[in-house]
Number of protein chains: 4
Amino acid sequence: MILKTNKPKYTQIIDAAVNVIAENGYHASQVSKIAKKAGVADGTIYLYFKNKEDILVSLFQEKMGIFIEKIEKEINDVDDAEKKLGILIKMHFNQLAENHDLAIVTQLELRQSNIALRLKINEILKKYLKIIDEIIDAGINQGVFRKELNPRLARQMIFGTIDEIATNWVMKDQKYNVVKQADEVHELIIQGLSSNVD
Amino acid sequence: MILKTNKPKYTQIIDAAVNVIAENGYHASQVSKIAKKAGVADGTIYLYFKNKEDILVSLFQEKMGIFIEKIEKEINDVDDAEKKLGILIKMHFNQLAENHDLAIVTQLELRQSNIALRLKINEILKKYLKIIDEIIDAGINQGVFRKELNPRLARQMIFGTIDEIATNWVMKDQKYNVVKQADEVHELIIQGLSSNVD
Amino acid sequence: MILKTNKPKYTQIIDAAVNVIAENGYHASQVSKIAKKAGVADGTIYLYFKNKEDILVSLFQEKMGIFIEKIEKEINDVDDAEKKLGILIKMHFNQLAENHDLAIVTQLELRQSNIALRLKINEILKKYLKIIDEIIDAGINQGVFRKELNPRLARQMIFGTIDEIATNWVMKDQKYNVVKQADEVHELIIQGLSSNVD
Amino acid sequence: MILKTNKPKYTQIIDAAVNVIAENGYHASQVSKIAKKAGVADGTIYLYFKNKEDILVSLFQEKMGIFIEKIEKEINDVDDAEKKLGILIKMHFNQLAENHDLAIVTQLELRQSNIALRLKINEILKKYLKIIDEIIDAGINQGVFRKELNPRLARQMIFGTIDEIATNWVMKDQKYNVVKQADEVHELIIQGLSSNVD
DNA sequence: GATGAATGAGGTTTCATTCAT
DNA sequence: CATGAATGAAACCTCATTCAT
C-alpha cells in the first residue's frame, strides 16, 4: 500500500524499507521495491541516501536510536542495577513485540547483510552495549554483582542471551508472548543455572 | 550416482569451500573459485553436490557432525551436569580456536546466507542444542540446577552466551585466547551475575 | 511498465533479432548479440521483453500480424474463392521474398525452438490458417471447390504445399524466383496432378 | 526399461534413442540418458557413433531405409502411377501409425535440430523424394498426370501435403486414424480443390 | 571391447546506480 | 527537487566428449 503522507521523504523511505524487507526478505528487497512502497521514484532515493547500504544503516540508526532512548529514560528512573537490568530486558522484548516488522528486520533479515554492513551495524549497537556495560559497572559498585566479573564477558552473556531469545521468538513467528518471559530471563541472568546448594 | 562417502574429492571440495569462504567472504565465493582451490573442474563439483547450496549445507553438516561427536564423547565420560557444561563450553571454544577458517565461516560468513539455507543449518544445529538440553535436564535431576528453570530459556541463554562470545572473538580477528575464558564463562552461566548477598 | 507500443526500442530490438538470427542461426543468437545489434544494453532488452523466448514470440507475432493483415486486405477486394487463393499464394511468397532475413528466420531458424515456443508460434499461426479455412468454405459455397472436400485436409494440403515450397526455396538460399511460380502452385492446388482424361 | 538383448549394440543404441527422444523430447535427450536406456556405458556410445549427431543421423537413416524399402516393394507391384501414389500415401501414414515413438521423433523432435543436422536428414530424405519423382514422371508418361506439371513443384506439393497432415496428426497426439484418410488425401492431390465445372 | 569419472566452455538475467529532462 | 529509462557487470550449472583403467 503506497501512502503519500506528509512525512518527510527520508522517513517515508526508511519506513518503506522496514516494511519491504519484513515482507520480502533482505535479498528480495530491491531499491525499486522500496521506492515504490515509499511512493517515490527510484532516483529520489539517491537524493536522501548515498546508496542502498546507507538506507539500511540509517534505518538501523534511526530505529535503534529510539530504542535506546526509551530504555535509557526508564533506566535512569531507578538506581538499583538489578532493577535496571530487569527494565532493560523487559523493554527490549517489549519494543520488538510492539513492532512486528522491525523485529523481523533486525533479528533476521539485516543479519544476512555483508560483513561491511554488519560492522557498521555493530558500531551503532555499541551505544546499547554501553548501557549494559554501565549497568554491570553499577552492579559491581553496588555490590549486587560479583566483583570478579569480567565485564566484557558479562555483557556478552546478557546481550547474547537476550538476542538469542528474541531471535528464536521471531523465528517462531512471534507466536508466543516473549515479554511475559522477561522476569524469568532476568532471574536466569542474575542467578545463573545453579541451585546454590553450596 | 552421488554418494557422500569419504572419497577424497568430496572432502577436497568441502575443505576448499571452507578455505575460499574464509578468505573471500560468502558472497565472493564463486563455485569456480572453490573448484580451482579444490583442484577439480567446475563440473566435477556437481558430481558430488546437487548445487552450490548443497556444498554449504554439506560443509556445515560434516563439520558440525565432527564438532558434536567430539563433544559428546568427552561429555559422556563425566556424570556431573555442571562439569558436562564446563566441558561443552571449553570444547566449543577449543574447536573453533583450532580451526581458524572454520570459525570465520560458521560464525560470520554462513550467517549471510538466505533464509532457506539458514533453516537447513538450523536443522543441523538442533543436534547440538539437544545435547545442551540433555545437560540441563541432567542438572535439574541431579539437583545442581534449579528446579524452576525454564529449560528452553536456559538453553537459549547457554547457546546465546557461547555464540555471542565466539562471534565477538572472531570479529576481533581471533586475537585473544578465547579458550582461556571458558572457565569464567562457565562460572557466569552457572552463577549468573549475582554476588548472592541474599 | 512495459508497453508493446510502436516505440522505437521495441521495434529496434525485434528487427535486430531477425537480423541476428538470420545471420548467426537460432542457437548462436545470444541476447547480448541482439542487444548489440539493436544498439542497446543487454538489460534494456528486459525492459521490453519478459525473457528471451518473449522476444521470439513477439517477433513472430509482430511480423505474422503484418503478413496476415496485408493478405487479408488484398483478399477482401475479390469475391471469387479461387482468386482469393491465388492472391494468398502469391502474397505469401512475395512477402517472404521481400524480406530475406525474415524468410530464413520463419522457415528455418524458429523451427529449431523448443516445443513450448513452437506451441506459442502455432497459436499465432492459427489466424493464418483461419483465413485459408475461410477461403475453402467460400469456395465450396460458391461451387468452385468440391462439396465433398474435407476442409481440414484441404487446408493442410494448401498450407503444407506452400510451406514446403517456401522452405525448399529458402534452403536453396533463395536463389530462384519463387514468386514467379505462384501461378503454377495455384494451378497445382486447384487442379491437382490429374490430366482429367476421365 | 533397460533390456539387455542380444541385438547388436548399434541397434540397441538407436532404438534407445528413438525411445528416449519420443519420451523426453529432443532437447532433453542427453547422451547419458540414451546410454542408460540402451544398457551401455556413456563411453560405449562413442565406439559405435562418431558423436551425438551421428546417432540421430544414423537413426534416421536406418528407419528411413526400412520405410523406403517397404514402400518401394509395394509400389513395384503396380504399374499405374496414380495407384502407385495411392499406395505411397497409405503406406506413409501406415508406417507412422505403426510406430508411435518413431512418428513423434521424425515429425516433431528431429526438426528441432540445428541446420547442419537438418541438411544431413534432407540428404537421406532424397531417396524418398526420388521415389515420388519417379511416380510423377511415370504419371506424365502414362498420360494420367498433366504434361505441363513442374515436377519439382508437384513433388513438393505431394510431400508437403503428406508431411503437414502427418505432423498435425502427431501434434494431436495421434488421436484419430490417419490411415483412413489416405484415400481422401490421394483424391485431393490428384484432383485438387476444383469441382471442375469448366 | 567396455567403462564412467572427469572435464570446462558458455549464456540468461538481475538490479544498484546514473543522468538527461 | 524529482523522475524513471537505461545501463552492464557478473555467475551457476549442463552435458557432449575423453581416456585411464
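Residues numbered from 1 in each chain as written. Chains lettered and ligands numbered in written order. Predicted model: local features only at pLDDT ≥ 70, side-chain atom pairs only at ≥ 80, totals over all residues. Heavy atoms only, no water.

Colleague: Whenever I open this one, the environment of leucine 56 of chain B confuses me. Can you help?
Modeller: All names here are of chain B. With respect to the helices, strands and loops of the structure, leucine 56 is situated in helix α4 (residues 52–76). The exposure class of leucine 56 is buried, given its relative accessible area of 4%. For the pair formed by leucine 56 and isoleucine 87, sequence separation is 31 residues and the distance between their alpha carbons is 28 Å. Other than its neighbours up to four places away in sequence, leucine 56 contacts Ile21, Tyr26, Leu110 and Leu117. (Helix = DSSP H or I, 4+ residues; strand = E, 2+ residues; numbered from the N terminus. Buried < 20%, exposed > 50% of the residue type's maximum accessible area, 1.4 Å probe, protein only. Contact = heavy atoms within 4.5 Å.)

Colleague: Help me understand the relation of the copies chain A and chain B in this model?
Modeller: In this structure, two copies of a chain are linked by a rotation about an axis accompanied by a shift along it. If you rotate chain A by 179 degrees and push it 0.2 Å along the axis, it lands on chain B with an RMSD of 0.3 Å. The transformation just described matches what one would write down for a two-fold rotation axis. Most of the interface of chain A is mirrored in chain B, where 98% of its interface residues again form contacts. (Least-squares fit on C-alpha atoms with pLDDT ≥ 70 in both.)

Colleague: How do you make sense of the environment of proline 8 of chain C when you look at a structure like this?
Modeller: Residue and element names in this part refer to chain C. Along the chain, the position of proline 8 falls in helix α1 (residues 8–24). Classification of proline 8 by relative accessible area gives exposed; the value is 58%. Along the chain, proline 8 and tryptophan 169 lie 161 residues apart, while their C-alpha atoms are 32 Å from each other.

Colleague: Looking at this structure, I do not really get the relation of the copies chain C and chain D. What am I missing?
Modeller: Rotating chain C by 179 degrees and translating it 0.3 Å along the rotation axis places it on chain D, where the RMSD comes to 0.3 Å. Comparing interface residues between copies, 98% of those in chain C also lie at the interface in chain D; the contact surface is shared.

Colleague: Which parts of the structure should I look at to understand the protein's contact with DNA strand F?
Modeller: Every one of the 26 residues lining DNA strand F counts as a neighbour, but Lys9 and Thr44 of chain A together with Lys9, Thr44 and Tyr48 of chain C are closest to it. Among atoms of DNA strand F positioned within 4 Å of the protein, sugar and phosphate together represent 72%. Taking alanine 41 of chain A, its main chain carries an N or O atom lying 3.0 Å from a phosphate oxygen of DNA strand F. When contributions to the surface near DNA strand F are tallied by element, the ones reaching two or more residues are α3 (42–48) of chain A, α3 (42–48) of chain B together with α3 (42–48) of chain C. (Near = heavy atom within 4 Å. Polar contact = N/O pair within 3.5 Å; in protein donor to acceptor, adjacent residues only side chain to side chain.)

Colleague: Can you help me understand the nonpolar core in this one?
Modeller: If you look at soluble globular proteins, the nonpolar side chains tend to sit buried side by side. In this structure, Leu193 of chain A together with Leu193 of chain B are the most contacted members of the largest nonpolar core, which totals 147 residues. When we break this core down by domain, the ones giving at least three residues each are domain 1 (1–49) and domain 2 (57–191) of chain A. Residues Ala35 and Leu108 of chain C together with Ile140 and Ile190 of chain D belong to the second largest nonpolar core, which totals 146 residues. (Core = buried A, V, L, I, M, F, W, Y, C linked by side-chain atoms within 4.5 Å. Domains from an automatic or database assignment.)

Colleague: Just to check I follow, could you spell out the interface of chain C and chain D for this structure?
Modeller: Many analyses report the size of an interface as the accessible area lost when the parts associate. Taken together, the contact between chain C and chain D spans 47 residues of the former and 46 residues of the latter. Summed over both partners, the interface of chain C with chain D buries about 4100 Å², with 56% contributed by carbon and sulfur atoms. Counting across the chain C and chain D interface gives 2 salt bridges. In this structure, the salt-bridge partner of glutamate 187 of chain D is arginine 146 of chain C, at a minimum N-O distance of 3.7 Å. Our enumeration of links across chain C and chain D arrives at 20 residue pairs in polar contact (both at pLDDT 80 or more). Only α7 (115–142), α8 (151–171) and α9 (182–191) of chain C provide two or more residues apiece to the side of chain C that touches chain D. Sorting elements by how many residues they give to the side of chain C that touches chain D places α8 of chain C first, with 13 residues. Its residues assigned to classes, the side of chain C that touches chain D comprises 20 nonpolar, 18 polar and 9 charged. (Buried area = accessible area lost by both parts, 1.4 Å probe. Salt bridge = Lys/Arg side-chain N within 4 Å of Asp/Glu carboxyl O. Nonpolar A, V, L, I, M, F, W, Y, C, P; charged D, E, K, R; others polar.)

Colleague: How should I be thinking about the protein's contact with DNA strand E in this particular structure?
Modeller: Neighbouring residues of DNA strand E: 27 residues in total, closest Thr44 and Tyr48 of chain B, Gln30 of chain C together with Lys9 and Thr44 of chain D. Among the atoms of DNA strand E close to the protein, meaning within 4 Å, 71% are from sugar or phosphate groups. Glycine 43 of chain B has a polar backbone atom sitting 3.1 Å from a base nitrogen of DNA strand E. Among the elements of the structure, α3 of chain B, α3 of chain C together with α3 (42–48) of chain D are those that each provide at least two residues to the surface near DNA strand E. With 5 residues, the single largest contributor to the surface near DNA strand E is α3 of chain D. Counted by class, the surface near DNA strand E contains 12 nonpolar, 9 polar and 6 charged residues.

Colleague: Could you clarify how one ought to interpret helix α5 (residues 81–98) of chain D in this entry?
Modeller: Residues and elements named next belong to chain D. The end-to-end C-alpha distance of α5, which contains 18 residues, comes to 25 Å, matching closely the 26 Å that a straight helix rising 1.5 Å per residue would cover. Taken together, the buried positions of α5 are Ala81, Lys84, Leu85, Gly86, Leu88, Ile89, Met91, His92, Phe93, Gln95 and Leu96. Where the residues of α5 are buried, they touch α4 (52–76), α6 (100–107), α7 (115–142), α8 (151–171) and α9 (182–191). (Expected span 1.5 Å × (residues − 1).)

Colleague: What exactly am I supposed to notice about the domain arrangement of chain A here?
Modeller: Residue and element names in this part refer to chain A. Taken as a whole, chain A is organised into domain 1 (1–49) and domain 2 (57–191). Here the C-alpha centre of domain 2 lies 27 Å away from the C-alpha centre of domain 1. Across the boundary between the two partners, domain 1 contributes 12 residues, which contact 13 residues of domain 2. Approximately 1100 Å² of surface area, both sides summed, lies buried where domain 1 meets domain 2, with 68% of it carried by carbon and sulfur atoms. Counting the surface domain 1 buries against domain 2, the share from its top three residues, Val18, Ala22 and Tyr26, is 48%. Summed over the shared surface of domain 1 and domain 2, the number is 1 salt bridge. With its nearest N and O atoms 3.1 Å apart, the salt bridge here joins aspartate 15 to lysine 63. Inspection of the region where domain 1 meets domain 2 yields 5 residue pairs in polar contact (both at pLDDT 80 or more). Split into classes, the residues belonging to the side of domain 1 that touches domain 2 amount to 8 nonpolar, 3 polar and 1 charged.

Colleague: Explanation requested: the interface of chain A and chain B in the structure shown.
Modeller: Each partner contributes to the interface: chain A provides 46 residues, whereas chain B provides 46 residues. With both sides pooled, the region where chain A packs onto chain B buries about 4100 Å², and carbon together with sulfur makes up 56% of that total. For the interface between chain A and chain B, the tally reads 2 salt bridges. Counting the contacts that link chain A with chain B gives 19 residue pairs in polar contact (both at pLDDT 80 or more). Secondary structure elements with two or more residues in the side of chain A that touches chain B: α7 (115–142), α8 (151–171) and α9 (182–191) of chain A. The element contributing the most residues to the side of chain A that touches chain B is α8 of chain A, with 13 residues. Per-class residue counts for the side of chain A that touches chain B are 20 nonpolar, 17 polar and 9 charged.

Colleague: Is there a simple way to think about empty space enclosed by the protein in this case?
Modeller: A water-sized probe rolled over the atoms picks out the places where empty space is left. Per the stated rule, a full pass over the model turns up 1 cavity of 30 Å³ or more. Approximately 30 Å³ is the volume attributed to the largest cavity. Forming the boundary of the largest cavity are Met171 of chain A together with Ile115, Arg118, Leu119 and Asn122 of chain B. Examining the composition of the lining of the largest cavity, we find that 4 residues originate from one element, helix α7 (residues 115–142) of chain B, more than from any other. Counted by class, the lining of the largest cavity contains 3 nonpolar, 1 polar and 1 charged residues. (1 Å grid on protein atoms, 1.4 Å probe; cavity = no way out; pocket = protein on both sides within 12 Å on 5 of 7 lines; lining within 4 Å. Points joined across faces, edges and corners; volume = space filled by probe spheres on them.)

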